[in-house]
Amino acid sequence: MKNIILTFVVLVSSNCYAQDFELRVTPYVKCKIVYKDSTSEKGFLRFASSAFSPQLKKEENEKSIKLDFELIDKIISNPETENERVFQYLNHNYNKFKIFVELIYKDVLSIYISSTDPDDLFYSDFDRQSIQEMMAQSKFEAYSGLTKRLKISDTLNLPNGKKITLPMRYSYYYNLDYGVASGMTPILNYYLLKEGSNKLYKVERNKRFIKKADGIVSECLNILNDLEKNKINIFDLPNFIEYYKIACNPEINTNN
């Protein structure tokens, strides 16, 4: 009987340890939630399983409540600090489902980014690697010699002259069969939002952008013609936005 009890305890302990071994830290972040009805509240926000399943609690020691992301206009993390960030759930020009994006530059054409891992975009200020991922990272760096390269992040020059480092996070996986670790990085997509609109347009090759972003180019013949002739490049966002503000301003360009 003692042996049976001991075996049960060992199995339970092993299972708990295995779960801790796999778990990532998913902290609550101080945020301000602005709702579509113009009301707002402050508290501590957490994405338990998905960026589309936000949980909020007013105080750190309180129980959290689930929020309906459809009712949220914006999420402001670290509000009223120099590290303030703005996240939204917005429609885009590729399908009917909303995506979770971060506003990184606000103007007549505002710039947003999305990630293949929305949770990691929100938690990019935190190290959420599990123990297994940390071990795999160490192994990957030791064999690849890419330690310095792994710390390089994408940098965007904004139209206002500032530079920001885009939130990049590397994930690591360990293959138990072959003892091989590999490094992967989330894919970032850029989007433009026209002032007064609620629909994002993905930044992509000129011809594709012309076809898919009629809400931006259709009312500005100069932009449309220059994109068609490749005189401007949509991927050069700072110059594209500044050129758009001049070429598509009715007070300046009387041809539109």
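Everything below is about the structure printed above this text.
What comes next concerns the included structure.

Reading the values: rules and limits
- Residues numbered from 1 in each chain as written.
- Predicted model: local features only at pLDDT ≥ 70, side-chain atom pairs only at ≥ 80, totals over all residues.
- Heavy atoms only, no water.
- Helix = DSSP H or I, 4+ residues; strand = E, 2+ residues; numbered from the N terminus.
- Buried < 20%, exposed > 50% of the residue type's maximum accessible area, 1.4 Å probe, protein only.
- Areas by Shrake-Rupley, 256 points an atom, 1.4 Å probe, with all protein chains shown as cover.
- Core = buried A, V, L, I, M, F, W, Y, C linked by side-chain atoms within 4.5 Å.
- Contact = heavy atoms within 4.5 Å.

### Some words on the overall build of the chain
Working step 1: Of the regular secondary structure elements, the chain holds 7 helices and 14 strands.
Working step 2: Counting every position in the chain, which comprises 256 residues, the buried fraction comes to 40%.
Working step 3: Total accessible area computed for the chain in this model is approximately 15800 Å², and 52% of it derives from carbon and sulfur atoms.

### A look at the nonpolar core
Working step 1: Grouped together as the largest cluster of nonpolar side chains are 46 residues, with contacts concentrated most on Ile75, Phe122, Leu192, Phe209 and Ile223.
Working step 2: With 5 residues, helix α7 (residues 237-247) is the single largest residue contributor to this core.
Working step 3: Non-local contacts of Ile75, meaning those with residues more than four positions away in its chain, are made with Cys31, Lys32, Ile33, Leu45, Phe47, Arg85, Val86, Phe87, Tyr89, Phe100 and Phe122.
Working step 4: Ile76, Leu90, Tyr112 and Leu200 belong to the second largest nonpolar core, which has 11 residues in total.

### With respect to unusual backbone geometry
Working step 1: At Ser38, a residue that is not glycine, the phi angle is positive and equals roughly 80 degrees.
Working step 2: Along the chain, Ser38 turns up in the loop between β1 (29-35) and β2 (40-47).
Working step 3: Take Ser38: its relative accessible area is 66%, and that puts it in the exposed class.
Working step 4: The backbone of Asn78 shows a phi angle near 50 degrees, a positive value even though the residue is not glycine.
Working step 5: Structurally, Asn78 can be placed in the loop between β5 (72-77) and β6 (85-92).

Function-wise, these values are silent; they only describe arrangement.
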